[in-house]
Amino acid sequence: MKIITNLFNYLEEYSIYYLSRYSVSKKKFECVLSRKVLKDFLSGKLCSKQKSESEDIIKKISSKFVSRNIIKEELLIDNKIDYLLNKGTSIKKIENILVRDKFEKPLINMKIKKLLFDVDLDSRSLDRFCKKKLLGKYSTKWDTKNEKNFTKTLSKLLREGFRYEICKNFLDQD
């Protein structure tokens, strides 16, 4: 087992490797590095002194990559939102995913407010979601008179985060 002598260089090399493979927010990147330090500490590669000073080193490394524009949260959040909208995700679910990906709250709120200006966005996302999942009018077995099928589809759409009124209007269409 190799014992790590220079923690800063070790974490910097790991960061370069990690960032070459994944796009992450600053907070998520710091969490990844913290888990790496904990894993190495538990496996005996790091001593307790290195573990205690690792938090400062992680902050320095993350700020270094942000200042060099390797971690671009603004661009990353825009790409994530575009991907989720093309997939047919509701605005509520988009917000939950962005929180889970550890983006900063003010940035999330700003982007969600920008999305809410488009009144028709939720219905377009619902239409796209139903098209991809073959629900509602896109299903070959769809019948608005079948109450069980209607309720099941409505429940699925509500679990995906779409609003009740939009779902009901969409499913009532022929």
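Q: In this structure, what is going on with the pattern of salt bridges? I would like to understand it.
A: Any two side chains of opposite charge can pair, given that their charged atoms come close. Here the structure, examined in full by the defined rule, presents 13 salt bridges. Note that D40 and K36 form a salt bridge whose closest N and O atoms lie 3.8 Å from each other. Taken as a pair, D40 and K36 lie in helix 2 (residues 26-42) at a separation of 4 residues, close to a single helical turn. For E160, the salt bridge goes to K93, with nearest N and O atoms at 2.9 Å. You can see E160 sitting in the loop between helix 8 (147-159) and helix 9 (164-172) and its partner K93 sitting in helix 5 (residues 91-100), a full 67 residues away along the chain.

Q: Whenever I open this one, the layout of surface pockets confuses me. Can you help?
A: Leftover empty space is mapped by rolling, across the atoms, a probe with the size of a water molecule. Roughly 190 Å³ of volume is contained in the largest pocket. E30, S34, R35, V37, L38, K51, S52, S54, E55, I58 and K59 together form the lining of the largest pocket. Of all the secondary structure elements, the ones that give two or more residues to the lining of the largest pocket are helix 2 and helix 3 (48-67). Residue classes in the lining of the largest pocket are distributed as 3 nonpolar, 3 polar and 5 charged. Estimates place the volume of the second largest pocket at around 150 Å³. Lining the second largest pocket are K87, G88, T89, K93, I97, F129, K132, K133 and E160. The set of elements that each furnish at least two residues to the lining of the second largest pocket consists of helix 5 and helix 7 (121-133).

Q: What exactly am I supposed to notice about the nonpolar core here?
A: Generally speaking, a soluble globular protein has its nonpolar side chains buried in company with each other. Core analysis: the biggest nonpolar cluster contains 16 residues, and L11, L19, F29, L33, I61 and F65 have the highest contact counts within it. If you list the elements that add at least two residues to this core, you get helix 1 (7-21), helix 2 and helix 3. With sequence-adjacent residues up to four places away left out, F65 is seen in contact with E12, S15, I16, L19, F29, I70 and I71. Formed by 15 residues, the second largest nonpolar core is a distinct cluster that contains I77, I81, I108 and L115.

The rules behind each value
- Residues numbered from 1 in each chain as written.
- Predicted model: local features only at pLDDT ≥ 70, side-chain atom pairs only at ≥ 80, totals over all residues.
- Heavy atoms only, no water.
- Salt bridge = Lys/Arg side-chain N within 4 Å of Asp/Glu carboxyl O.
- Helix = DSSP H or I, 4+ residues; strand = E, 2+ residues; numbered from the N terminus.
- 1 Å grid on protein atoms, 1.4 Å probe; cavity = no way out; pocket = protein on both sides within 12 Å on 5 of 7 lines; lining within 4 Å.
- Points joined across faces, edges and corners; volume = space filled by probe spheres on them.
- Nonpolar A, V, L, I, M, F, W, Y, C, P; charged D, E, K, R; others polar.
- Core = buried A, V, L, I, M, F, W, Y, C linked by side-chain atoms within 4.5 Å.
- Buried < 20%, exposed > 50% of the residue type's maximum accessible area, 1.4 Å probe, protein only.
- Contact = heavy atoms within 4.5 Å.

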